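Residues per chain, in single letters:
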Amino acid sequence: MNELLNNHDYKNWLTELKSNIQQSQIKAALAVNSQLIQLYWDLGRQITEKQETAKWGSGFIDQLSKDLRAEFPDMGGFSPYNLRACRNFYLFYLQELTKVEQVALLLENASKTKQFVSQSEIWEQVVPKLGTQLFSIPWGHHLVILKKIKNQPEAIFYIKETIKNNWSRAVLVHQIESNLYERQGKAVSNFQNTLPKPQSDLANQLLKDPYNFDFLQMTADYNERDLEKSLTQQITDFLLELGAGFAFVGKQYAVTLGEKEYFIDLLFYHLTLRCYVVIELKVVEFKPEFAGKLNFYLNVIDAQLKHESDKPTIGLIICKTKNNIEAEYALKGIEKPIGISEYELNKILPNELKSSLPSIEEIENELRKMTENSSELPFVV
C-alpha cells in the first residue's frame, strides 16, 4: 500500500480524481441552491396570486407556515418571515422581468386571451438573461440585497458581481455599504483612445471613483508615504477595495534608467487583464504634471518588465481631489492608458494622538517584555 502511495502515476491520478470529485460537489451544491431559489420564487408567486384572488385574510401566511413546517419538519425556510421574504423577492424582480420584451409580449397576449401565464413560461422567455443570475447566488445574499437595495438595476448589478467575484455575504454587505454601484467605472480615463476593445471596457470597469479608504486610520498631517505604508500594511482590505484580479508586486518599486533610479509608489499585476498596473498616490489635488510622470513610469515598465504576451501597462493616479475637466485635458495626447480617481478617507485622527498611539512594533516589544517576566501570557481584548 505504501508503495502505491509513492507511485508517481497513482499520485497524479489521485490528485485529478480528488479535483473532479470536488468540482462535482461544488456543482451539486450550486444545483441544490438553484433549485431552492426557484422554489422560493414559485412560493412567492403563488402567495402573491392567492393574496390577490383567494381573500383568505391577514393570517394566511402564518397558517401556511404552520402547515408547511408540520409537513416538512426537517426542511427550513417555511417561517412566516421567510415566506414573506419569498413574496417580496418575487414582487421585487417581477417588475424587472416584465421589462424584458418577450415577457411583456407574452403577458400582453395572455391578457387579451384571458389565459394564465405560468412561472415556467416566464422563465423560458427570460433565461439566460436574468433567471439564471437570480438562481446562482445563495438565499442569504438575496435577503441582504432585498433589505439594502431599492431598485432592480442596482440589485442585478450586485448579483452579477457576486457571481463573477464569488463574494461571501460579508463582502457583499461591504460592497453595498461602500456604494460600489455608484463608484465602479466612474474614473476619468483615456482607455477608449489607448486600448482596443474589449480591453478598454474591462479596464474602465476596473477603476472606481472615489476609492474608499475608510479601513485606514490616519492623522491629519499624513503624507504620501504614510498613506502608502498604511495601504500596504492592510493589503487585504486594499486588494478588496481595488477589486478582484489584483496581485500585489511591491511598493516603492525600484526601476533603473541609465545611472538613475526611480521608485514607483505601488505596482500590481492584474490577472484578468494580463497587464501591470502602476498606482501613484497623491495626498493633494490632482495636477496635470502628475499624468506626465505616470506616463514616464508606464514607458519604463513596458520596456523593462512587460512580457511580450502581456497587455499594455495601465496607470492609475489616486489623489485627494480632482477637477474632472482638468483631468480630461491632462490625458489628451497621452498614448499610454491612464485613469484618474479620488479617494475618501473619513477616519482622520487628531494630530496630538499620533505620539500616543503605539505602533505594531511597540506592542510586540511590550508583549515580549511581559512574557519574559511572566510564565503566563496577558489576556488581550
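Residues numbered from 1 in each chain as written. Predicted model: local features only at pLDDT ≥ 70, side-chain atom pairs only at ≥ 80, totals over all residues. Heavy atoms only, no water.

## Observations regarding the layout of surface pockets
Then step 1. Taken as a whole, the second largest pocket spans an internal volume of roughly 480 Å³.
Then step 2. Lining the second largest pocket are 22 residues, and of these Glu 161, Lys 164, Asn 165, Gly 243 and Ala 244 lie nearest its centre.
Then step 3. Looking at the lining of the second largest pocket, the elements with two or more residues in it are helix H9 (152-165), helix H10 (169-177), helix H13 (199-206) and helix H15 (235-242).
Then step 4. Here the lining of the second largest pocket is composed, by residue class, of 11 nonpolar, eight polar and three charged. (1 Å grid on protein atoms, 1.4 Å probe; cavity = no way out; pocket = protein on both sides within 12 Å on 5 of 7 lines; lining within 4 Å. Points joined across faces, edges and corners; volume = space filled by probe spheres on them. Helix = DSSP H or I, 4+ residues; strand = E, 2+ residues; numbered from the N terminus. Nonpolar A, V, L, I, M, F, W, Y, C, P; charged D, E, K, R; others polar.)

## Brief notes about the packing of aromatic side chains
Any two aromatic rings considered together are summarised by their centre-to-centre distance and by the angle between their planes.
Then step 1. If you walk through the whole model with that rule in mind, you get 19 aromatic pairs.
Then step 2. Summarising the aromatic geometry, the rings of Trp 41 and Phe 89 are spaced 5.8 Å apart at their centres and angled 90° between planes, so their arrangement reads as edge-to-face. Of this pair, Trp 41 sits in helix H2 (residues 8-53) while Phe 89 is found in helix H4 (residues 80-97), placing the two residues 48 residues apart along the sequence. Comparing Trp 41 with Phe 89, the two get one shared label, buried.
Then step 3. On the numbers, 5.1 Å between centres and 75° between planes, the contact of Phe 157 with Tyr 158 is edge-to-face. Here the two residues Phe 157 and Tyr 158 agree in accessibility, since each one is buried.
Then step 4. By the ring-pair criterion, three or more aromatic residues cluster together here, those being Tyr 40, Trp 41, Phe 89, Tyr 90, Phe 92, Tyr 93 and Trp 139. (Phe/Tyr/Trp six-rings, centres within 6.5 Å; stacked < 30°, edge-to-face > 60°. Buried < 20%, exposed > 50% of the residue type's maximum accessible area, 1.4 Å probe, protein only.)

## What to know about the pattern of salt bridges
Then step 1. For the structure shown, the criterion picks out nine salt bridges.
Then step 2. With a shortest N-O distance of 2.8 Å, Arg 45 and Asp 42 are connected by a salt bridge. Of this pair, Arg 45 and Asp 42 both sit in helix H2, three residues apart, roughly one helical turn.
Then step 3. Between Glu 177 and Lys 148 there is a salt bridge, with the nearest N and O atoms lying 3.3 Å from each other. On the criterion of sequence distance, the pair formed by Glu 177 in helix H10 and Lys 148 in helix H8 (residues 139-148) is long-range, its members being 29 residues apart.
Then step 4. With a relative accessible area of 57%, Glu 177 lands in the exposed category.
Then step 5. Bridged by salt links that share partners, the residues Asp 42, Arg 45 and Glu 49 form one connected network. (Salt bridge = Lys/Arg side-chain N within 4 Å of Asp/Glu carboxyl O.)

## Quick word on the pairing of strand S5 (residues 260-270)
Then step 1. Both strand S4 (residues 246-257) and S5 contribute to a ladder of 10 bridges, which runs antiparallel. Considered in S5, the bridge of Ala 254 is made with Phe 263.
Then step 2. Where S4 hands over to S5, the hairpin turn is made up of two residues, of which Gly 258 adopts a positive phi near 65°.
Then step 3. Of the pairings in the sheet, the one linking S5 to strand S6 (residues 275-285) comprises five bridges and is antiparallel in character. Following the sheet pairing, His 270 is matched in S6 by Cys 275. (Pairing = 2+ DSSP bridges.)

## Here we look at unusual backbone geometry
Residues other than glycine predominantly adopt negative phi, and peptide bonds predominantly adopt the trans conformation.
Then step 1. The linkage connecting Lys 197 with the following residue, Pro 198, adopts the cis geometry, with an omega of 0°.
Then step 2. Among the secondary structure elements, Pro 198 is positioned in the loop between helix H12 (191-194) and H13.
Then step 3. That bond from Asp 209 to Pro 210 is cis: its omega, 0°, falls within 30 degrees of zero.
Then step 4. Along the polypeptide, Pro 210 turns up in the loop between H13 and strand S2 (211-212).
Then step 5. Its identity as a non-glycine residue notwithstanding, Asn 179 has a phi of 60°, on the positive side.
Then step 6. Inspection of the secondary structure puts Asn 179 in the loop between H10 and helix H11 (180-183).
Then step 7. When its relative accessible area of 34% is taken as the criterion, Asn 179 is described as partly exposed.

## Observations concerning a nonpolar patch on the surface
Then step 1. A cluster of nonpolar side chains, Leu 39, Phe 72 and Met 75, forms an exposed patch at the surface whose accessible area comes to about 230 Å².
Then step 2. Tracing the sequence through the fold places Leu 39 in helix H2.
Then step 3. Since its relative accessible area comes to 31%, Leu 39 is described here as partly exposed. (Patch = residues over 30% accessible without salt bridge, like charges linked within 9 Å, V, L, I, M, F, W, Y side chains within 5 Å. Areas by Shrake-Rupley, 256 points an atom, 1.4 Å probe, with all protein chains shown as cover.)

## Notes on the packing of H8 against H9
Then step 1. Between H8 and H9, the least distance of the axes is 10 Å, while the angle of their chain directions is 150°. Classed by the angle they form, the pair H8 and H9 counts as roughly antiparallel. Like other packed secondary-structure pairs, H8 and H9 cross with a definite hand, here right-handed. Contacts between H8 and H9 pair His 141, His 142 and Ile 145 from the former with Ala 155, Tyr 158, Ile 159 and Thr 162 from the latter.
Then step 2. A breakdown of the residues in the contact of H8 with H9 according to their chemical character gives four nonpolar, three polar and no charged. (Axes fitted to C-alpha atoms, helices over the stretch in contact; angles between N-to-C directions. Parallel < 35°, antiparallel > 145°, perpendicular 65-115°, else oblique. Left-handed = near helix turned anticlockwise from the far one by under 90°. Contact = heavy atoms within 4.5 Å.)

## Here we look at H13
Then step 1. What H13 keeps buried is the set Gln 199, Ser 200, Ala 203, Asn 204 and Leu 206. Seen along its axis, H13 keeps its buried residues to an arc of 150°; they face one direction. (Arc of directions from axis to C-beta.)

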